[in-house]
Amino acid sequence: MKRMHSGPTPAGSGRRWRTPALVDRDAWFPGRVIGGAALVLGPLVWWAGLFLRYLALHSGAFTAGQLAEFARQPFAAPSQLAAYLANPALVTAGYACFAAGALLLWPAFATLAHVVAARVPLLACWGGTLVVLSLFARLYFAGVDQTAFHLAASQGFDRASDFVQANYQGISYGPWRVAVTAHACQYLGTLLLAIGAFRSGTFGLGRCLLLLWAGTLWGGVLKAAHLADLFEYGALCLVLVPLGVRVLRDRVAELRAGPGPNGDIRSLRLLSW
């Protein structure tokens, strides 16, 4: 039988590898299952992280006077370090879920950008790329947070708080300000992606405004979660989770090859969800 030769020969092997044949014209990265699951889980896990971080300060561990003193501080670092020393397991869970949410949200936003790109490619490519870059900055912040918590546990609250506040700009911005610059990409990226989502008919005006609102969430080292943040990211869940369910059920025409129904044209309304 004649053997096909279509690829390089691995060292020490008598056989040749063959390039796989085209499988599916509908194939895309990160794929329907991963992308849909990320759209569902990403905002939920991130919201859980925010909730646990809020709970760490407002679950009765501190008096009203202590909370008022924390609020008067120029940075939230002292309150977060005190919360960690008071309840390390709860604070660790909150920060871990927050970091995990950032990891899950990058394939979620990549999938959203893929949906939008079927009709408005330029806005989708720029907006999606900038938003994903901003999510990677969250991991840098998470590393500094964890280091500060261990410093507080080993050196005590006063020494750790004094060190963090005296060096906050240097440790928060990162080397060559790479982290803070990447994080700043979220503002322009979310704006472009929201405009693209509206122009493409992926979301109505209501969901686009909620997406913009979620794009204003703070970033940095040892930031405190407030009640407004829970509503802000609860709103993002309303935007992304239903889309994720539709992606998992293969109900998004933009993720399939070929034109969509009704001539692939949608009418846009200003008052829309």
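This is a predicted model, so every value here is computed, not measured.

Undergrad: For this particular structure, what's the right way to read the overall build of the chain?
TA: For the chain, the helix and strand inventory stands at ten helices and zero strands. From first element to last, N terminus to C terminus, the chain shows the α and β order α-α-α-α-α-α-α-α-α-α. Its C-alpha atoms give the chain principal-axis dimensions of roughly 80 × 65 × 30 Å. Put simply, the chain has 273 residues, and 42% of those count as buried.

Undergrad: Hey, could you run me through the nonpolar core in this one?
TA: As a rule of thumb, soluble globular proteins bury nonpolar side chains together. By size, the foremost hydrophobic cluster in this structure holds 40 residues, and its most contacted members are Leu-50, Leu-105, Phe-109, Leu-112, Tyr-233 and Leu-240. Mapped by element, the contributors of at least two residues to this core are helix H1 (32-58), helix H4 (88-117), helix H5 (121-155), helix H8 (178-199), helix H9 (205-214) and helix H10 (227-248). At nine residues, H4 tops the list of elements feeding residues into this core. The contacts of Tyr-233, once residues within four sequence positions are left out, are Trp-46, Trp-47, Leu-50, Leu-105, Ala-214 and Leu-217.

Undergrad: Would you mind showing me how to read unusual backbone geometry here?
TA: What you tend to see is this: most non-glycine residues have negative phi, and most peptide bonds are trans. Look at the link from Phe-29 to Pro-30: it is a cis peptide, with omega at 5°. Inspection of the secondary structure assignment puts Pro-30 in the segment before H1. Although it is not a glycine, Trp-176 sits at a positive phi angle of roughly 55°. On the secondary structure map, Trp-176 appears in the loop between helix H7 (168-173) and H8. The phi torsion at Arg-177 lies on the positive side, around 60°, for a residue other than glycine. On the secondary structure map, Arg-177 appears in the loop between H7 and H8.

Undergrad: What should I look at first to understand helix H3 (residues 77-86) in this one?
TA: For the α-helix, the turn length of 3.6 residues means that residues three or four positions removed from each other point alike. Across the ten residues that make up H3, a large majority, eight, are buried. What H3 keeps buried is the set Ala-77, Pro-78, Ser-79, Gln-80, Leu-81, Ala-82, Ala-83 and Tyr-84.

Undergrad: Can you walk me through the confidence of the model for the chain in this structure?
TA: When pLDDT drops low, the exact placement of atoms in the prediction is not to be read closely. When the pLDDT values of the chain are averaged, the result is 90; 90% of them are 70 or greater. Of the regions scoring below 50 in pLDDT, residues 1-6 engages in seven contacts with residues more than four places distant in sequence or in other chains.

Undergrad: What am I meant to see in the environment of Arg-246 here?
TA: Following the sequence through the fold, Arg-246 ends up in helix H10. The exposure class assigned to Arg-246 is partly exposed, which follows from its relative accessible area of 34%. Considering only alpha carbons, one finds Arg-246 and Leu-39, 207 residues apart in sequence, at a separation of 9.9 Å. Among residues more than four places away in sequence, those in contact with Arg-246 are Arg-251 and Val-252.

Undergrad: Got a minute to help me understand the packing of H5 against H8 in this structure?
TA: Two numbers describe a pair of packed helices, the interaxial angle and the distance between the axes. It is at 6 Å that the axes of H5 and H8 come closest, and there the two elements cross at 145°. The two elements H5 and H8 meet at a crossing, and its hand is left-handed. When the residues that make up the contact of H5 with H8 are grouped by side-chain class, the tally is 16 nonpolar, eight polar and one charged.

Undergrad: What is the right way to read the packing of H5 against helix H6 (residues 157-166) from this model?
TA: The N-to-C vectors of H5 and H6 enclose an angle of 145°; their axes lie 7 Å apart at closest approach. For the pair H5 and H6, contact is made by Ala-148, Leu-151, Ala-152 and Gln-155 and by Phe-157, Arg-159, Ala-160, Phe-163 and Val-164, respectively. Classifying every residue of the contact of H5 with H6 by side-chain character gives seven nonpolar, one polar and one charged.

Undergrad: Can you help me understand the packing of aromatic side chains in this one?
TA: To describe a pair of aromatic rings, one takes the distance between the centres and the angle between the planes. As enumerated under the stated definition, the model contains ten aromatic pairs in all. An angle of 5° between the planes, with centres 5.5 Å apart, marks the rings of Trp-47 and Phe-51 as stacked. With Trp-47 and Phe-51 both in helix H1 and four residues apart, the pair spans about one turn of that helix. An aromatic cluster of three or more residues is present, and its members are Trp-46, Phe-98, Trp-218 and Tyr-233. The ring of Tyr-95 carries the charged tip of Arg-53 above its face, separated from the ring centre by 3.8 Å. The ring of Phe-98 is capped by Arg-53, whose NZ or CZ atom sits 4.6 Å from the centre of that ring.

Rules and cut-offs
- Residues numbered from 1 in each chain as written.
- Predicted model: local features only at pLDDT ≥ 70, side-chain atom pairs only at ≥ 80, totals over all residues.
- Heavy atoms only, no water.
- Helix = DSSP H or I, 4+ residues; strand = E, 2+ residues; numbered from the N terminus.
- Buried < 20%, exposed > 50% of the residue type's maximum accessible area, 1.4 Å probe, protein only.
- Core = buried A, V, L, I, M, F, W, Y, C linked by side-chain atoms within 4.5 Å.
- Contact = heavy atoms within 4.5 Å.
- pLDDT = per-residue confidence, 0-100.
- Axes fitted to C-alpha atoms, helices over the stretch in contact; angles between N-to-C directions.
- Left-handed = near helix turned anticlockwise from the far one by under 90°.
- Nonpolar A, V, L, I, M, F, W, Y, C, P; charged D, E, K, R; others polar.
- Phe/Tyr/Trp six-rings, centres within 6.5 Å; stacked < 30°, edge-to-face > 60°.
- Lys NZ or Arg CZ within 6 Å of the ring centre and 35° of its normal.

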